[in-house]
Amino acid sequence: MIRPLSRAAALALLLVLAACESAVPPAPVTAVAAAAARCEIPTGLTPAPAYDPPAGEIVRDVDTAYYLLALSWSPQACRSGKDYPDPELQCRDNRFGLTLHGLWPNGPAGRHPRYCGPAPALDTATVRAHFCMTPSPSLQQHEWAAHGTCGWASPEAYFDQAATLWNGLVRPDLEAIPAGRLTAGAVRDAFVAANPGLPRSSITVVLADDVWLREVRLCYSTAFARTPCPAGTGPADHRRIRLVPTGTATAR
């Protein structure tokens, strides 16, 4: 016969269970899930028009030596107006953190393939499918025209490859880094901690005005394996940097 626990024994058991429960941290909500939860595809989203590339930017005689996956800090793009944001879509309420600027074929030296072929306007379905990754139809059109035509037969193939790399990367919560400890090295450390096996040498930090985080760029081989960045990784680890917060136009 199973005897009922005494009041003291029951209390002790409850305390043990509570301690065990508190010792197990809750499953974290990744930056990917949080970003997806904040993203709503606007009703009536339409593609940006095609455009004629600037003649001085057409580079069709350089082979691809490696690829860069460029992640923008969206609040900085919105504050500066650079990197092709669509203010009414990307910048209203500053709801995005890290977004995908683009996937870039890079040459072995200072010249890189650009505008390698015709780039008609994207289909609405393509723009909608990748809006939460790159929340700007004008930027999507630019990335396809300037970079996608230099390695992919269609915009769908280009954005699918970019999405594969984007979805395979855990984007850390950079705003969780205390402002007093925010350095270029802390940004690299955050990416390495979120992505075990990611080499620090494949992470380039790009600043605006020598202080504001603008982008994090990751280097991949022509087989899309993570690889050290041939052109270096940007400012030294000890460099103090600043971050424009999401949801506000005030910088910290």
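Enquirer: Give a detailed account of the nonpolar core, specifying residues and quantitative values.
Expert: One finds Leu-69, Leu-71, Leu-103, Leu-174, Val-187, Phe-191 and Leu-213 to be the most contacted residues of the largest nonpolar core, which totals 49 residues. Within the residue set of this core, elements represented by two or more residues are strand E1 (66–73), strand E2 (98–106), helix H6 (137–146), helix H7 (155–167), helix H8 (184–194), strand E3 (203–208) and strand E4 (212–220). Examining the composition of this core, we find that 6 residues originate from one element, H7, more than from any other. Not counting residues up to four positions away in its chain, the partners in contact with Phe-191 are Leu-71, Leu-98, Leu-169, Pro-172, Leu-174, Leu-198, Ile-203 and Val-216. Counting 6 residues, the second largest nonpolar core, distinct from the first, contains Tyr-66, Leu-68, Ala-70 and Trp-104.

Enquirer: So, the pattern of salt bridges: which residues are in play, and what are the values?
Expert: In the structure shown here, the tally under the stated rule is 6 salt bridges. In this structure, Glu-57 and Arg-114 form a salt bridge, with 2.8 Å as the shortest nitrogen-oxygen distance. Separated by 57 residues along the polypeptide, Glu-57 in the loop between helix H2 (31–38) and E1 and Arg-114 in the loop between E2 and helix H5 (124–129) bring together distant segments of the chain. For Arg-114, a relative accessible area of 21% gives the class partly exposed. Arg-200 is the salt-bridge partner of Asp-237, the closest N and O atoms lying 3.1 Å from each other. Of this pair, Asp-237 sits in the segment after E4 while Arg-200 sits in the loop between H8 and E3; the two residues are 37 residues apart in sequence, bridging distant segments of the chain. The exposure class of Asp-237 is partly exposed, given its relative accessible area of 35%. Overall, the relative accessible area of 31% leaves Arg-200 in the partly exposed class.

Enquirer: Tell me what's going on with the sheet that holds E3, and back it up with residues and numbers.
Expert: Reading across the sheet, the 4 strands line up as E2-E1-E4-E3 and stay open at both edges, with antiparallel pairing between neighbours. Since the sheet does not close on itself, it has two edges, and those belong to E2 and E3, each with one partner. With direction set aside, neighbouring strand axes in the sheet form an average angle of 25°. One ladder, built from 6 bridges, connects E1 with E4; its direction is antiparallel.

Enquirer: Summarise unusual backbone geometry; cite the residues concerned and give the values.
Expert: Despite not being glycine, Asp-210 has its phi angle at roughly 65°, a positive value. The residue Asp-210 is located in the loop between E3 and E4 in this model. By relative accessible area, which is 60% here, Asp-210 ends up exposed. Despite not being glycine, Phe-224 has its phi angle at roughly 65°, a positive value. Of note, Phe-224 is situated in the segment after E4.

Enquirer: How would you explain the side chain of Gln-76 if you had to name every residue and give the values?
Expert: Its place among the elements puts Gln-76 in helix H3 (residues 74–80). On the basis of relative accessibility, which here comes to 4%, the residue Gln-76 falls in the buried class. Each residue touching Gln-76, except ones within four places of it in the same chain, is listed here: Ala-208, Trp-212, Leu-213, Arg-214 and Val-244.

Procedures and definitions
Residues numbered from 1 in each chain as written. Predicted model: local features only at pLDDT ≥ 70, side-chain atom pairs only at ≥ 80, totals over all residues. Heavy atoms only, no water. Core = buried A, V, L, I, M, F, W, Y, C linked by side-chain atoms within 4.5 Å. Buried < 20%, exposed > 50% of the residue type's maximum accessible area, 1.4 Å probe, protein only. Helix = DSSP H or I, 4+ residues; strand = E, 2+ residues; numbered from the N terminus. Contact = heavy atoms within 4.5 Å. Salt bridge = Lys/Arg side-chain N within 4 Å of Asp/Glu carboxyl O. Pairing = 2+ DSSP bridges. Axes fitted to C-alpha atoms, helices over the stretch in contact; angles between N-to-C directions.

Geometric values such as these leave the question of function open.
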